[in-house]
Amino acid sequence: SGSCNLDALGCELERAGRRGRVKAVCLTHVPTNGGAVCDAVAVGTLVRDVCGTPEDGGPLFLLDACQSVGQLAVDVQAAKADFAATTGRKWLRGPRGVGVLYCRGALLEPGAAPDVLDEP
């Protein structure tokens, strides 16, 4: 468990989220300092249970997984993340400047795809 207070988040989402005032919820899965591991699945589930999905007017859920990918199992689908970002350099030992941005498929326009997938 980490330092994310689910009760406080739930209260804030109840207060503001149901009225559509919350546009995005962003969670740092593992902060750089302190060693906390926030429960991304619990946060994502809470956001969806209280506010619904973006398709229903609920907020986007962005998971910052830069410190966790490569060290911990990260399941963006179980976390109900709309977006997740990570760097390839930290724990995956990739070169500088390499990163990953996950986008849940339902948020992409039909037929949307990167211009270049993997060319030499």
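Thresholds, definitions, all that
- Residues numbered from 1 in each chain as written.
- Predicted model: local features only at pLDDT ≥ 70, side-chain atom pairs only at ≥ 80, totals over all residues.
- Heavy atoms only, no water.
- Axes fitted to C-alpha atoms, helices over the stretch in contact; angles between N-to-C directions.
- Helix = DSSP H or I, 4+ residues; strand = E, 2+ residues; numbered from the N terminus.
- Parallel < 35°, antiparallel > 145°, perpendicular 65-115°, else oblique.
- Left-handed = near helix turned anticlockwise from the far one by under 90°.
- Contact = heavy atoms within 4.5 Å.
- Expected span 1.5 Å × (residues − 1).
- Buried < 20%, exposed > 50% of the residue type's maximum accessible area, 1.4 Å probe, protein only.
- Polar contact = N/O pair within 3.5 Å; in protein donor to acceptor, adjacent residues only side chain to side chain.
- Arc of directions from axis to C-beta.

Participant: Which parts of the structure should I look at to understand the packing of helix 1 (residues 6-16) against helix 2 (residues 40-51)?
Facilitator: Helix-helix packing is characterised by the crossing angle of the two axes and by the distance between the axes. Where helix 1 meets helix 2, the axes come as close as 10 Å, and the angle between the chain directions of the two elements is 25 degrees. Here helix 1 lies roughly parallel to helix 2, going by the angle between them. Our pair here, helix 1 against helix 2, has a crossing hand that is right-handed. Where helix 1 abuts helix 2, its residues Leu6, Leu9, Gly10, Leu13 and Glu14 lie against Ala42, Val43, Leu46, Val47, Val50 and Cys51.

Participant: Mind showing me how you'd approach helix 2 here?
Facilitator: Quick reminder: α-helices carry 3.6 residues per turn. Residues three or four places apart thus point the same way. For helix 2, which comprises twelve residues, the first-to-last C-alpha distance of 16 Å matches the rise-based estimate of 16 Å (1.5 Å per residue) to within 8%. Buried within helix 2 we find Ala40, Val43, Gly44, Val47, Arg48, Val50 and Cys51. Its buried side turned inward, helix 2 meets helix 1, strand 1 (24-28) and strand 2 (60-64). Regarding helix 2, its N-cap is Asp39, as a side-chain oxygen of that residue lies 3.3 Å from the backbone nitrogen of Val41 further along. Following helix 2 by one or two positions, Gly52 adopts a phi angle in the positive range, close to 85 degrees.

Participant: In this structure, what is going on with helix 1? I would like to understand it.
Facilitator: All of the buried residues along helix 1 are Leu9, Gly10, Leu13 and Ala16. For helix 1, the buried positions fall inside an angular range of 155 degrees around the axis, keeping them on one side. Residues Asp7 and Cys11 are exposed on helix 1 and point more than 90 degrees away from its buried face. Contacts from the buried residues of helix 1 go to strand 1 and helix 2. Looking at where helix 1 begins, the residue whose side-chain oxygen comes 3.1 Å from the main-chain nitrogen of Asp7 is Asn5.

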